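# Working through the structure, step by step
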Amino acid sequence: MYFIPISCHSSPLLWVILALGMKWVEEALSCPPECSCAKWQVNCRGKKLRTFPTTIPLASKKLILAQNNLPRLPLVTMSYLNELVHLDCSHNIITMDLEFSFPGLVKLTSLNLSYNKLTHITSFTFSQLSELLLLNLSGNPLMVKIMEQAFEKNSHLRYIDVNNCGLSYLSAETFQKLDRLRILKIKDNPWNCDCKFLAFSGWLIHTDIKFPDFEDTTCTKPEKMKGLSLRKAKFELHYLCLVHLRPQDFIYICLVTFCIFLGGTLVAWLVGFCTVMYYHPRLRPEHTRNRLYSKNKGLSRLPANRQTCQRTTTWLSLTAGFYSRLSNGANQWELLGAPA
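This one's a predicted model, so the numbers in the text were calculated from it and none came from an experiment.

Counted under the stated rule, the structure contains 10 aromatic pairs. With a centroid separation of 5.8 Å and 45 degrees between ring planes, the pair formed by tryptophan 191 and phenylalanine 197 is classed as tilted. On the basis of relative accessibility, which here comes to 0%, the residue tryptophan 191 falls in the buried class. Residue phenylalanine 197 is classed as buried on the basis of its relative accessible area, which comes to 0%. Where phenylalanine 211 meets phenylalanine 214, the ring centres are 5.6 Å apart and the plane angle is 40 degrees; that geometry is what we call tilted. By relative accessible area, which is 11% here, phenylalanine 211 ends up buried. Given the relative accessible area of 7%, phenylalanine 214 is considered buried. In this structure, lysine 61 packs its charged tip against the face of tryptophan 40, placed 5.8 Å from the ring centre.

With that out of the way, let us pick up the nonpolar core. Grouped together as the largest cluster of nonpolar side chains are 60 residues, with contacts concentrated most on Leu87, Phe102, Leu111, Leu113, Phe126, Phe151 and Phe175. The set of elements that each furnish at least two residues to this core consists of α4 (198-206) and α5 (230-243). Sequence-distant contacts of leucine 87, defined by excluding residues within four places in its chain, comprise Leu63, Met78, Phe102, Leu105, Leu108, Ser110, Leu111 and Asn112.

So, about the sheet that holds strand β2 (residues 41-43). Strands belonging to one sheet form pairs held by backbone hydrogen bonds; the direction of such a pair is parallel or antiparallel. If you trace the eight strands from one edge of the open sheet to the other, you get β1-β2-β3-β4-β5-β7-β9-β10, paired in mixed fashion. Whereas interior strands pair on both sides, the edge strands pair on one side only; in this sheet they are β1 (36-38) and β10 (183-185). Ignoring which end each strand starts from, the neighbouring axes of this sheet average 5 degrees apart. As defined by bridge partners, strand β7 (residues 134-136) adjoins strand β9 (residues 159-161) across three bridges and the pair is classed as parallel. In the strand pairing of β9, asparagine 136 is matched with aspartate 161.

So, about the UniProt feature "domain: LRRNT" (unreviewed entry) in the protein chain. The feature "domain: LRRNT" (unreviewed entry), as annotated in UniProt, sits at residues 30-62 in this numbering. Within the segment residues 30-62, helix and strand shares are 0% and 21% respectively, and the terminal C-alpha atoms sit 15 Å apart.

Looking now at the state of the cysteines. Using the criterion set out here, one finds three disulfides in the structure. Between the sulfur atoms of cysteine 35 and its disulfide partner cysteine 44 the distance amounts to 1.9 Å. Around the S-S axis, the bridge from cysteine 35 to cysteine 44 shows a dihedral of about 110 degrees and counts as right-handed. Across the disulfide, cysteine 193 is cross-linked to cysteine 219 (sulfur-sulfur distance 1.9 Å). Residues cysteine 193 and cysteine 219 are joined through a disulfide that is left-handed, its torsion about the S-S bond being -90 degrees. Remark: cysteine 219 occurs in strand β12 (residues 219-221) and cysteine 193 occurs in the loop between β11 (191-192) and α4; sequence separation between them is 26 residues. Overall, cysteine 193 belongs to the buried group, its relative accessible area being 1%.

Calculation rules
Counting starts from 1 at the beginning of each chain's written sequence and moves along it residue by residue. For a predicted model such as this one, the threshold for reporting local features is a pLDDT of at least 70, and the threshold for listing and counting side-chain atom pairs is 80 or more; totals across whole chains, interfaces and linings nevertheless cover every residue. Note that the side-chain values use all heavy atoms of the structure and ignore hydrogens as well as water. Ring pairs shown here join Phe, Tyr and Trp side chains whose ring centres sit within 6.5 Å, with only the six-membered ring taken for Trp; geometry is labelled stacked below 30 degrees between planes, edge-to-face above 60, and tilted in between. Only protein chains enter the area calculation, which uses a 1.4 Å probe; residues under 20% of their type maximum are buried, those over 50% are exposed, and those in between are partly exposed. A ring is considered to have a charge above it if a Lys NZ or an Arg CZ atom is located within 6 Å of its centre and within 35 degrees of its normal. The set of buried Ala, Val, Leu, Ile, Met, Phe, Trp, Tyr and Cys residues whose side-chain atoms join them within 4.5 Å is what this entry labels a nonpolar core. Strands are runs of DSSP state E lasting at least two residues, helices are runs of H or I lasting at least four, and both sets are numbered from the N terminus onward. Only heavy atoms enter the contact rule, under which two residues are in contact if any of them lie within 4.5 Å. When DSSP finds two or more bridges between two strands, those strands count as paired. Angles here are taken between N-to-C directions and fall from 0 to 180 degrees, while the axes themselves are lines fitted to C-alpha atoms, restricted in helices to the stretch in contact. UniProt positions are given in the numbering used here, feature names are shortened, and annotations may be inferred rather than shown by experiment. Note on disulfides: each one is a pair of cysteine sulfur atoms within 2.5 Å.

Pasting the structure below:
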């Protein structure tokens, strides 16, 4: 091993780099003064912190920041804690959007963000936490929306807690791809049990995931479903949304029937009108009338009474010829030995 001696005549830049390196090593090994540190664990619980500690050892595996006044999680500082496995940020006032707040926590398996002021969860919030197993989001009454792709990158999740939040609706597709999910807590949310909620309530009943206190989880809206458990709400919604016809449905059916009847009537009237107009003799061209009523081109010059007689004679002769052919056919049928 070779050592490079540093003399007093060395470059000032080298001294600056050395000083910064020593400071970085000191911060990497030191413990925040307001926290207590044990082996790979930093506990800052209840210290009334308003800012995120900056001197957390980089090798820490467990960080507890519960019961403080932290408004956000700094992106840069969090990115250095790539050995972190457990992070507890419960009982703070975190309100900022958490998108891309955990870029370096690739080993994190447990995250507690309960009792904060989160508003929504998007597809980018936990997209970097591919090893996440336990997620606690309970006690966030301002959180009213969880996107369908919120846990798309967290296929290892086994436990999710969204009790006591502001959720009125969830999509079953949010959890259907989580094959390893075992426990989902959804109690004490203002569930809006309308027809849009039918698919999610059906998934709750038929899935193998466990829902603690599921029988005590009730609907809040609409008024006629208030207080009804989600299990009973599923059957009620099936009747109201798929079987039962509301007054609006009857109005819609009557309107469609009337439109079909009106359209058919108009089409029939137009067909009849066009037929009458087409076969009306006075509306036909001159050469067409002459061809229909006479073989003689001079018939059109005859008086009206003679034209009428001629037309009558023509139709009578055609009728007589038709019956004559019909009787001849019957006679031939008898001669051929047809049964009587």
